[in-house]
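Listed below are the residues making up each chain.
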Amino acid sequence: MRGRSRIVQAAAGAVAVIVIVLVIVLAVSKPPSDDSSSKLIGRPAPELTGRAVTVEDGRLGGGYHLPSKPGRWVAVNFFASWCVPCKTEAPDLRAWAQAHREAGDGSLVQVVFGDEPGSAARFLRHHGGAFWPVVDGRGGVALDWGVSAPPETYLVRPDGVVARKWIGPVTRGQLDAVMSGAGAS
Amino acid sequence: MAASPRSRLATSRPRERAPWWLPWGAMAVVLAAALAIGARPRHDPSLDERVDGVAQTIRCEICVGESVATSDSPFAQQARQQIRRQLVAGRSPSEIRAYFVDKYGNDISLLPSGSGFDALVWVLPVVVIVLGAGGLALAFWRWRNQRPAVPSAEDEELVEATLARRGEGSGGAP
């Protein structure tokens, strides 16, 4: 009887040790990554090819291809007409794109995510004024960029490396802060 | 001439026992056959079934507790299209999962990885099965080798005294 109770005590002790170790491991393990992180940051931007959307009538125009070394900052914004936060960020994106187009150091590419070109063009007529609205020409562009839901914006450095990602509405100030932090105007 | 232990055993039992390994061998054969039959696909899966099979192992990033196989979100739709494209291009399910992990991180895979903390999911069942089988084997061994209880001199005295008292009691009854 005494031997059996010793075995029960040892088993209970072993279970307690395992539970304590699991709790400690879970407590000190790395928390889930925050919204701004992405596996792409610090890596060359994925291929981005598509067909330009004519904002005036929503028709598909010529092809678009993001150069591997664009030579200027490029904000790649994934958006949809059904996305409410996309309306929030649209004025800031437009202001940022206009300012940096004039300065010649940045441009904006807006990629239609899960939406029809006609609806996206209508959205841009009302809320945006984008310079490069494009639709995915080959399929899988959004997944190549690690996009889950619009709006998501990536800022690509002139050397073609992804500098930062934002999930949710982005502001002109946020984009400029990253550019100035990296030594750009 | 003294009989060998084996011959004594043979004479003490009415019929010969089956070899000890026979039931274990039979169990192993049944287990292997069941695994082989269970693991064999019933037919060659169609492309849709293969897409669904991979999609069930990819977590829907914007859903709660759903894979991209069951969600109708734009992300899930694009993920299914991407899985289909990659399968058509000849990529294996593990290569496709590696693509999603590369873009979205380990959390997107619904299959636990074989390293780090997730490896416990694979290791713990094996450890539990091995420990359980070892415990059972130990218990069987102890039961088999348990000697019959031999009464001590004190026990025998106690029994004799009790029997004697009973005898006296029954003798004195009317």
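Because the structure is predicted, anything quoted here is derived from the model rather than measured. Here the residue numbering is sequential within each chain, running from 1 through the sequence in written order. Labels are handed out in written order, letters beginning with A for the chains and numbers beginning with 1 for the ligands. Residue-level local features of this predicted model are given only where pLDDT is at least 70; pairs of side-chain atoms are given and counted only at 80 or more, and the full residue set underlies all totals for whole chains, interfaces and linings. Excluding hydrogens and water, the side-chain figures rest on all heavy atoms present in the structure.

Engineer: Would you mind going over the pairing of strand E3 (residues 73-79) of chain A with me for this structure?
Structural biologist: Every other side chain in a regular strand lies on the same face of the sheet, so the side chains alternate between the two faces. Residue and element names in this part refer to chain A. For E3, a buried count of seven out of seven residues is recorded, marking the element as mostly surrounded by other parts of the structure. Three exposure classes are used, based on accessible area relative to the maximum for each residue type with a 1.4 Å probe and protein chains only: buried under 20%, partly exposed in between, and exposed over 50%. Secondary structure is summarised from DSSP: a helix means a run of H or I of at least four residues, a strand means a run of E of at least two, and numbering begins at the N terminus for each. Here E3 shows a buried face lined by Trp73, Ala75, Asn77 and Phe79 and a second buried face lined by Val74, Val76 and Phe78. Looking at chain direction, E3 and strand E4 (residues 106-112) are connected through seven bridges and run parallel. Its bridge partner lying in E4, Phe78 is registered against Val111. Seen with its strands pointing away from the viewer, a crossover is right-handed when the path leading from the first strand over the helix to the second is clockwise. Regarding topology, helix H2 (residues 84-103) serves as the crossover connection from E3 to the parallel E4, and that connection is right-handed. As judged from the five bridges shared by E3 and strand E6 (residues 152-156), these two strands associate in the antiparallel manner. Among the inter-strand pairings, Val74 is bridged to a residue of E6, identified as Val156. Criterion used throughout: strands pair if DSSP finds at least two bridges between them.

Engineer: Hey, could you run me through the packing of helix H4 (residues 74-88) of chain B against helix H5 (residues 93-104) of chain B in this one?
Structural biologist: How two helices sit against one another is set out by the angle between their axes and by the gap between those axes. Residue and element names in this part refer to chain B. Put simply, H4 and H5 touch, their axes get as near as 10 Å, and they point 135° apart. By the criterion of interaxial angle, the relationship of H4 to H5 is oblique. As H4 packs across H5, the resulting crossing turns out to be right-handed. The residues of H5 that touch H4, namely those facing Phe75, Ala79, Gln82, Ile83, Gln86 and Leu87, are Ile96, Tyr99, Phe100 and Tyr104. Think of it as three bins: nonpolar holds Ala, Val, Leu, Ile, Met, Phe, Trp, Tyr, Cys and Pro, charged holds Asp, Glu, Lys and Arg, and polar takes everything else, Gly as well. The class makeup of the residues in the contact of H4 with H5 is eight nonpolar, two polar and no charged. Angular values range over 0 to 180 degrees, each being the angle between N-to-C directions of two axes fitted as lines to C-alpha atoms, with helices fitted over their stretch in contact. Any angle between 65 and 115 degrees counts as roughly perpendicular, while under 35 counts as roughly parallel, over 145 as roughly antiparallel, and the rest as oblique. Here is the rule for handedness: rotate from the far helix to the near one, and if that takes an anticlockwise turn smaller than a right angle the crossing is left-handed, while a clockwise turn gives right-handed. By the convention used here, residues are in contact when the closest approach between their heavy atoms is within 4.5 Å.

Engineer: Explain the packing of aromatic side chains here, please?
Structural biologist: When we look at a pair of aromatic rings, we describe it by the centre distance and by the angle of the planes. Aromatic rings from Phe, Tyr and Trp, taking only the six-membered ring of Trp, are treated as a pair when their centres fall within 6.5 Å; an angle between ring planes under 30 degrees marks them as stacked, one over 60 as edge-to-face, and anything in between as tilted. Throughout the structure, instances matching the rule amount to seven aromatic pairs over all chains. Where Phe78 of chain A meets Trp145 of chain A, the ring centres are 6.1 Å apart and the plane angle is 55°; that geometry is what we call tilted. Here the residue Phe78 of chain A occupies a position in strand E3, and Trp145 of chain A occupies one in the loop between helix H4 (141-144) and E6, the gap between them amounting to 67 residues. A relative accessible area of 0% means that Trp145 of chain A is categorised as buried. When the centroid spacing of 5.8 Å and the interplanar angle of 55° are considered together, the rings of Phe140 of chain B and Trp143 of chain B count as tilted. Taken together, the residues Phe140 of chain B and Trp143 of chain B, both in helix H6 (residues 119-144) and three residues apart, mark about one turn of the helix. Take Phe140 of chain B: its relative accessible area is 46%, and that puts it in the partly exposed class. Taking the relative accessible area as the measure of exposure, Trp143 of chain B reaches 56% and is therefore exposed. Grouping aromatic residues by their ring pairs yields a cluster made of Phe78, Trp145 and Tyr154 of chain A.

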